[in-house]
Amino acid sequence: MEILGMIEQGAEARVFNVKYLGKAAVLKERYKRKYRNPILDEHILTDRVRAEARGLLRSKIAGVRVPAVYMVDLDTGRLCLEAINGITAKKFIDRELEERGVLDNDSLLHVMELCGRSIGKLHSDNIIHGDLTTSNVIVSEKNNPVEVSFIDFGLSYVSTSAEDKGVDLYVLERALTSTHSSADILFKEILVSYKQTYQSGAKEVLHKFEEVKARGRKRTMVG
C-alpha cells in the first residue's frame, strides 16, 4: 500500500489517499487513545472498525451505494476503502445555495430524493447508520446519472426498533437545519422518497421521529 497524502484528520481517525493493489483508495486509521484504559481502548477501536466494515457490507447488499471494503486490520485500526469521487452533501448544498440563491432547485431536490431512497433501503434492512449527517453523504455529479454514496459507518448497527430509525432521521434533520436554516424543504423531500421506499415501516418510524424531535425541543427549552 502506498500512502499518497492525508485527506483529513478528525477527532476519531486520520484519512489518507492511498494506492492499494494499483487502485485509488482511501485508508482510514482510527486513533488509539492514551487517556483510556488500554484494554477498553482496544475493545472500542476494534468494535468501531468491525462495525464499519459490517455496516458497509450490509448496506451494499441492501442496494445502497457505499465504498467497497478492500482491507480490514483490527490490530492497527485500519480500514482500506474504495475511493468515491465527489463532494459531501454539505458542500453540495452550500454551493447550490451560493450559486442559485434558493434551495428548492431541481438538482438539489433530486439529490435529496436519492438520499431519502437510500435511507429507506437501509432502514428496510434494519441498518441504523448512527451518524447520518450531510458530511457523511458523497454526491458524485460526474456520474450519469448523479449518485449519492454513504460513508462513515463506525457507529452503525442492526436494529428493528422504529425509535432507533427515528433517531437516525432526527440526527439528519438536525444536521441539515443547523447548517442551513431554510433546509426544511430539503428534509421534506428526503421524507417523501423515504416513505415511498420503506412503505412497510415508514409510518411507525416517522411517528417515533416526531416523538424524538419533541423530546429534543423540550431539552433545548429546559436547557
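Structure: above.
Residues numbered from 1 in each chain as written. Predicted model: local features only at pLDDT ≥ 70, side-chain atom pairs only at ≥ 80, totals over all residues. Heavy atoms only, no water.

Asker: I tried to follow the packing of helix α3 (residues 106-124) against helix α5 (residues 184-197) on my own but got confused; where do I start?
Answerer: Packed helix pairs are characterised by how far apart their axes lie and by the angle those axes make with each other. For the pair α3 and α5, interaxial distance at closest approach is 7 Å and the crossing angle is 45 degrees. By the angle between their axes, α3 is oblique relative to α5. Seen from above, α3 lies across α5 with right-handed handedness. For the pair formed by α3 and α5, the contact residues are L108, L109, M112, E113, C115, G116, R117, I119, G120, K121, H123 and S124 on the first element and I185, L186, E189, I190, S193, Y194 and T197 on the second. Looking at the contact of α3 with α5 residue by residue, the classes come out as 9 nonpolar, 6 polar and 4 charged. (Axes fitted to C-alpha atoms, helices over the stretch in contact; angles between N-to-C directions. Helix = DSSP H or I, 4+ residues; strand = E, 2+ residues; numbered from the N terminus. Parallel < 35°, antiparallel > 145°, perpendicular 65-115°, else oblique. Left-handed = near helix turned anticlockwise from the far one by under 90°. Contact = heavy atoms within 4.5 Å. Nonpolar A, V, L, I, M, F, W, Y, C, P; charged D, E, K, R; others polar.)

Asker: Would you explain the pairing of strand β8 (residues 137-140) in this entry?
Answerer: Both faces of the sheet carry side chains from a regular strand, because those side chains alternate between them. Here β8 shows no split at all, with V137 and V139 on one side and I138 and S140 on the other all buried. In terms of strand pairing, strand β6 (residues 87-88) meets β8 through 2 bridges, oriented antiparallel. The residue bridging I87 from the neighbouring strand is V139, located in β8. Both β8 and strand β9 (residues 147-150) contribute to a ladder of 4 bridges, which runs antiparallel. By the bridge assignment, I138 is partnered in β9 with S149. What sits between β8 and β9 in their antiparallel hairpin is a turn of 6 residues. (Buried < 20%, exposed > 50% of the residue type's maximum accessible area, 1.4 Å probe, protein only. Pairing = 2+ DSSP bridges.)

Asker: Please explain α5 as it appears in this structure.
Answerer: An α-helix turns once per 3.6 residues; consequently, residues spaced three or four apart project the same way. For α5, built from 14 residues, the straight-helix expectation of 20 Å at 1.5 Å per residue is met to within 8% by its first-to-last C-alpha distance of 20 Å. The complete set of buried residues in α5 reads L186, F187, I190, L191, S193 and Y194. (Expected span 1.5 Å × (residues − 1).)

Asker: I tried to follow the sheet that holds strand β5 (residues 78-82) on my own but got confused; where do I start?
Answerer: One key point about sheets: their strands pair by backbone hydrogen bonds, in either a parallel or an antiparallel sense. If you trace the 5 strands from one edge of the open sheet to the other, you get β1-β2-β3-β5-β4, paired in antiparallel fashion. Among the strands making up the open sheet, the edge pair consists of β1 (2-9) and β4 (69-73). Each adjacent strand pair in this sheet contributes to an overall mean axis angle of 20 degrees, direction not counted. Relative to strand β2 (residues 13-20), β1 runs antiparallel, the two sharing 6 bridges. Among the inter-strand pairings, M6 is bridged to a residue of β2, identified as F16.

Asker: So what exactly am I meant to see when it comes to the packing of aromatic side chains here?
Answerer: In this description, an aromatic ring pair is defined by two values, namely the gap between the centres and the angle between the planes. In total, this model carries 3 aromatic pairs according to the counting rule given. Seen in terms of ring centroids, Y20 and Y70 are 6.0 Å apart; in terms of plane orientation they differ by 10 degrees. Their pairing is stacked. Remark: Y70 occurs in strand β4 and Y20 occurs in strand β2; sequence separation between them is 50 residues. Owing to a relative accessible area of 26%, Y70 belongs among the partly exposed residues under this scheme. (Phe/Tyr/Trp six-rings, centres within 6.5 Å; stacked < 30°, edge-to-face > 60°.)

Asker: Where do I start with the pattern of salt bridges in this structure?
Answerer: A side chain of one charge can pair with a side chain of the opposite charge when the charged atoms of the two come close. Scanning all chains against the criterion turns up 14 salt bridges. Among the salt bridges present, the one from E141 reaches R95, with a minimum N-O distance of 2.7 Å. Of this pair, E141 sits in the loop between β8 and β9 while R95 is found in helix α2 (residues 89-100), placing the two residues 46 residues apart along the sequence. Assessed through its relative accessible area of 26%, R95 is described here as partly exposed. Ionic pairing is found between E113 and R117, a salt bridge with its closest N-O pair at 2.6 Å. In this pair, E113 and R117 both sit in helix α3, 4 residues apart, roughly one turn of the helix. Its relative accessible area of 33% is what places R117 among the partly exposed residues. In this structure, a network of salt bridges that share partners links the residues K28, R30, E52 and D152. (Salt bridge = Lys/Arg side-chain N within 4 Å of Asp/Glu carboxyl O.)

Asker: I'm lost on the environment of A24 in this one. Help?
Answerer: Tracing the sequence through the fold places A24 in strand β3 (residues 23-30). Considered as a pair, A24 and K90 are 66 residues apart in the sequence and their alpha carbons are 24 Å apart. Here A24 is in contact with V18, Y70 and A83, once residues within four sequence places are set aside.

So yeah, pure geometry; function would need other evidence.
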